Amino acid sequence: MAVKPKNVCDSELSEEQKHILLEKGTEAPFTGKYLHNKKKGEYTCAACGNVLFMSDTKFDSGTGWPSFSDVAKKGAVVLRTDNSHGMKRIEVVCAKCGGHLGHVFDDGPTPTGKRYCINSLALGFTEKQ
Ligand SMILES: [Zn+2]
């Protein structure tokens, strides 16, 4: 059973977005609307609007999902051990509402060495110049 994050029920999310955020789903690779987004701005949680990532840490990882080398600010996300699907991974959840965002891996570019692999459906985007 998926735990229902706070606030999520009040927001207007599509069924696909609820599947990701509430049921820890994963969108099909190379389908996300932010995969090739090169605009400057802030990536927010689709459920609660919490600012999660900045465009200047986004990079093309070739995996098919939006990838970031760092979070927008310390404490924006919470990391949890995820042993589902026979894999040992680190789950990334929104620190504010607990919605599932994606996973983080240790093969990212310097300086952080992190690759935050995030579902487009879990994100919103606010363009900033
Ligand atoms: Zn959130």
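Just so you know, these numbers come straight off a predicted model, no measurement behind them.

Quick word on the sheet that holds strand 3 (residues 58-59)
Then step 1. Judged by pairing direction, the sheet is antiparallel, and its six strands sit side by side in the order 3-4-8-7-6-5 without closing on themselves. Edge positions in the open sheet fall to strand 3 and strand 5 (77-82), since each of these has one partner strand only.
Then step 2. Inspection of the sheet shows strand 3 paired to strand 4 (residues 67-68) by two bridges, in the antiparallel sense. Residue pairing for strand 4: Phe59 is matched across the bridge by Ser67.

Quick look at the coordination of the zinc ion
Then step 1. Protein-derived ligands of the zinc ion are Cys45 (SG), Cys48 (SG), Cys94 (SG) and Cys97 (SG), with the metal-ligand distances lying across 2.3 to 2.4 Å.
Then step 2. The coordination sphere of the zinc ion comprises four donor atoms, whose angles at the metal cover 103 to 114 degrees; the geometry is tetrahedral.
Then step 3. Spacing between the donor residues of the zinc ion along their common chain follows C-x2-C-x45-C-x2-C. Taken together, the residues Cys45 in strand 1 (residues 41-45) and Cys97 in the loop between strand 6 (89-94) and strand 7 (100-105) connect sequence positions 52 residues apart.
Then step 4. On the basis of relative accessibility, which here comes to 2%, the residue Cys45 falls in the buried class.
Then step 5. For Cys97, a relative accessible area of 5% translates into the label buried.

Quick look at the sheet that holds strand 2 (residues 51-54)
Then step 1. Spatially, three strands are ordered 2-1-9 in an open sheet, and the strand pairing comes out antiparallel. Since the sheet does not close on itself, it has two edges, and those belong to strand 2 and strand 9 (123-127), each with one partner. Direction aside, neighbouring strands of the sheet carry axes that sit 30 degrees apart on average.
Then step 2. Sheet topology places strand 1 next to strand 2; three bridges connect them, and they run antiparallel. Bridge pairing in strand 2 links Glu42 to Met54.

A short note on the side chain of Thr44
Then step 1. Position of Thr44 among the secondary structure elements: in strand 1.
Then step 2. Residue class for Thr44 comes out buried when judged on its relative accessible area of 10%.

Conventions and cut-offs
- Counting restarts for each chain, with residues numbered from 1 along the sequence as it is written.
- For this predicted model, a pLDDT threshold of at least 70 governs which residues receive local features, and a threshold of 80 or more governs which side-chain atom pairs are given and counted, while totals over whole chains, interfaces and linings are taken from all residues.
- Excluding hydrogens and water, the side-chain figures rest on all heavy atoms present in the structure.
- Any two strands with at least two DSSP-identified bridges between them are counted as paired.
- Helical segments are the DSSP runs of H or I of at least four residues, strand segments are the runs of E of at least two, and each set is numbered from the N terminus.
- Here the coordinating atoms are restricted to nitrogen, oxygen and sulfur within 2.8 Å of the metal centre, or 3.2 Å for Na, K and Ca, and because water is not among them the sites may look incomplete.
- All geometry calls rest on donor angles, where a four-donor set with angles between 85 and 135 degrees is tetrahedral, four- and six-donor sets with opposite donors more than 155 degrees apart and all others between 65 and 115 are square planar and octahedral, and all else is irregular.
- Classification of residues uses two cut-offs on accessible area relative to the type maximum, computed with a 1.4 Å probe and protein chains only: under 20% is buried, over 50% is exposed, and between them is partly exposed.
- A fitted line through C-alpha atoms serves as each axis, taken over the contacting stretch for helices, and the angle formed by two N-to-C directions is quoted from 0 to 180°.

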